[in-house]
Amino acid sequence: MSKKSQIRHDWTKEEIEEIYNLPLLELVYKAANVHREWHDPSEVQISTLLSIKTGGCPEDCSYCGQAARYHTDIEVQALLPTEKVIEHAQKAKEAGASRFCMAAAWREVRDNRDFDRVIDMVKGVNALGMEVCCTLGMLTEAQAQRLQEAGLYAYNHNMDTSEEYYEEIISTRTFDHRINTINNVRKAGITVCSGGIIGLGETHQDRISMLLTLATMSKHPESVPINALARVKGTPLEDNPKVEAWEMVRMIATARIVLPSSMVRLSAGRIEMTESEQAWCFMAGANSIFTGERETLLVTPNPGISEDIQMLNTLGLKPMQGSKAETSGNRKNSNYAKTISEMG
Ligand code: SAM
Ligand code: DTB
Ligand code: SF4
């Protein structure tokens, strides 16, 4: 059986629930095995995030400090100059990052001068030999095509939460809008980065349902960020309880098993985790982290890149070199089918 044909797209909610509810150490053990079948467990991809346009967003995502309607301390900043962005990317590359993700607080991309500038940024970062990723809100098929032609490698557009819980969190767009943009990204031949956030007040069933959406896509997202809510003062979710590290571990391990070839990104929330807790996430199958400029993700605190490199050293892990995300999940001969059939 070819490796690709072992990837399942017909998961049921009950099957994912059964995996998610395994005793934690059993779950981590199984996920770690799947991780080793599909990826080199000694490598972690460092993806540097840069907010190229900050704040003032018209959307009402209740977790987000960049929504104009909430009274947060975040300063609005217009689109950064292209040269500045390329400088940031060059520095990130020198520091050990192999992927560079540019984020804009937009509801959607508009066909204007700002988009022309983003196209130039994509070309510039691509020329540095990094995997270039953007997250700019909703995209049409033609806009996705333009980004692809400029050399865009990946587009981040998260499902964020379950279809059932979506309207509790965001009212200015729908779950189907998200799916539609992901389909446009796919049609243009750009790889998909899509995951979600835990700690929004959702139930375990919602988390399982979000993973079901991702795991039943006709092609799995090449990259799946798992974020813990970064609580931002002034947003409706500012007083939500902190996400426990074990909840991240459980979510990452389940994602690793049902999406075996994808990169699983340990995303927002690391600032509140110890190195040991992050090590559990790597054991459970996370193989990427976000770093940010000036020890921030976009607008919230995050460990700095040198701290992260030190942590990887301590754990005997190394930063993934070059653009490997696509091939990482296809490198080894697999006993994945066996591992899966032994479950339960
Ligand atoms: N505006 C675009 C959009 O929403 O698609 C792109 C940027 S937005 C910051 C990208 C993703 O970051 C969101 O979909 C959400 O999953 C994540 N995110 C935003 N604020 C967050 C927070 N406070 N905690 C955790 N994740 C967050
Ligand atoms: C993703 O899933 N997480 C990153 C990236 N994609 C764009 C963003 C997390 C943002 C966390 C809060 C902030 O600093 O704005
Ligand atoms: Fe805007 Fe994105 Fe923040 Fe939602 S998550 S408010 S779309 S920047």
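None of these values were measured; they are calculated from a predicted model. (Residues numbered from 1 in each chain as written. Chains lettered and ligands numbered in written order. Predicted model: local features only at pLDDT ≥ 70, side-chain atom pairs only at ≥ 80, totals over all residues. Heavy atoms only, no water.)

A closer look at the nonpolar core
Rule in force here: Here, the term nonpolar core denotes a set of buried Ala, Val, Leu, Ile, Met, Phe, Trp, Tyr and Cys residues that are joined through side-chain atoms within 4.5 Å. Burial here depends on accessible area, computed with a 1.4 Å probe over protein chains only, as a share of the maximum for the residue type. Under 20% is buried, over 50% is exposed, and the range in between is partly exposed. Elements are defined by DSSP. Helices are runs of H or I of four residues or more, strands are runs of E of two residues or more, and each kind is numbered from the N terminus. Whether two residues are in contact is decided by their heavy atoms, any of which lying within 4.5 Å being enough.
Membership of the largest hydrophobic core comes to 95 residues, with the highest contact counts inside it found for Ile52, Met102, Val118, Leu136, Leu147 and Tyr155. No other element matches the 9 residues that helix α9 (residues 245-258) contributes to this core. With near-sequence residues (within four places) excluded, Ile52 lies in contact with Ala78, Leu79, Leu80, Val85, Met102, Ala103, Ala104, Val118, Met121 and Leu136. With 8 residues, the next largest nonpolar core counts Leu49, Cys101, Ala154 and Ala268 among its residues.

Comments concerning helix α5 (residues 141-149)
Applied cut-off: This arc is built from the directions going out from the helix axis to the C-beta atoms.
Among the residues making up α5, those that are buried are Gln143, Ala144 and Leu147. Down the axis of α5, the buried set is contained in an arc of 100°. They therefore lie on one face. The outward face of α5, more than 90 degrees from its buried face, is lined by the exposed residues Ala142 and Glu149. Next to the buried residues of α5 lie α4 (113-127), β4 (154-156) and α7 (175-187). Of the residues flanking the end of α5, it is Gly151, one or two places downstream, whose phi is positive at about 105°.

Describing the site of ligand 1
In plain terms, the rule: The cutoff for a nearby residue is simple: one of its non-hydrogen atoms must lie within 4 Å of the molecule or strand. Here a polar contact is recorded for every N or O atom pair within 3.5 Å, except that within protein the pair must consist of a potential hydrogen donor and a potential acceptor, and residues adjacent in sequence are included only if both atoms are side-chain atoms. Here the accessible surface of atoms and residues is derived via Shrake-Rupley with a 1.4 Å probe, and residues count as covered only by protein chains that are part of the display. With a 1 Å grid laid over protein atoms only, a set of points is called a cavity when a 1.4 Å probe fits there but cannot get out and a pocket when it is open yet has protein on both sides within 12 Å along at least five of seven lines; lining residues have an atom within 4 Å of a point. To be counted as sitting in a cavity or pocket, a molecule needs more than half of its atoms within 2 Å of that site's grid points. Here the nonpolar group is Ala, Val, Leu, Ile, Met, Phe, Trp, Tyr, Cys and Pro; Asp, Glu, Lys and Arg are the charged ones; every other residue, Gly included, is treated as polar.
The environment of ligand 1 is made up of 17 residues, and the closest members are Tyr63, Asn158, Asp160, Arg178 and Ala230. The side chain of Asn158 places a nitrogen or oxygen atom 2.8 Å from an oxygen atom of ligand 1. Take Ala230: an N or O atom from its main chain is 2.9 Å from a nitrogen atom of ligand 1. Look at ligand 1: alone it shows 550 Å² of surface, and the protein chains cover 89% of it. Placement of ligand 1 is best described as lying within the largest cavity. For the shell around ligand 1, the residue count by class is 9 nonpolar, 6 polar and 2 charged.

Points about the packing of aromatic side chains
Applicable threshold: Pairing of aromatic rings covers Phe, Tyr and Trp, the last counted by its six-membered ring, and requires centre-to-centre distances within 6.5 Å; plane angles under 30 degrees mean stacked, over 60 mean edge-to-face, and any other angle means tilted. We call a charge positioned above a ring when the Lys NZ or Arg CZ atom is no farther than 6 Å from the ring centre and deviates by at most 35 degrees from the ring normal.
Taken as a whole and judged by the stated rule, the model has 2 aromatic pairs. Seen in terms of ring centroids, Tyr166 and Phe175 are 5.7 Å apart; in terms of plane orientation they differ by 75°. Their pairing is edge-to-face. Each of the two residues, Tyr166 as well as Phe175, counts as buried. On the numbers, 5.3 Å between centres and 80° between planes, the contact of Trp246 with Trp280 is edge-to-face. Taken as a pair, Trp246 in helix α9 and Trp280 in helix α10 (residues 275-283) lie far apart in primary sequence, 34 residues in all. Its relative accessible area of 43% is what places Trp246 among the partly exposed residues. The ring of Trp38 has Lys3 sitting right over it, with the charged end atom 3.4 Å from the ring centre. Arg250 extends its terminal NZ or CZ atom over the ring of Tyr20, reaching a point 5.9 Å from the ring centre.

Regarding the packing of helix α1 (residues 13-20) against α9
The test is simple: A fitted line through C-alpha atoms represents every axis, and for helices the fit uses only the stretch in contact; the resulting angles, taken between N-to-C directions, go from 0 to 180 degrees. Angles below 35 degrees are treated as roughly parallel, those above 145 as roughly antiparallel, those between 65 and 115 as roughly perpendicular, and all remaining angles as oblique. Each helix crossing is assigned a hand: it is left-handed if the near helix lies turned anticlockwise from the far helix by less than a right angle, otherwise right-handed if that turn is clockwise.
Contact pair α1 / α9: the axes reach a minimum separation of 9 Å and the direction vectors enclose 130°. Looking at the two axes, α1 sits oblique to α9. For α1 against α9, the interelement crossing comes out right-handed. On α9, the residues that touch Ile16, Ile19 and Tyr20 of α1 are Arg250, Met251, Thr254, Ile257 and Val258. Grouping the amino acids of the contact of α1 with α9 by side-chain chemistry returns 6 nonpolar, 1 polar and 1 charged.

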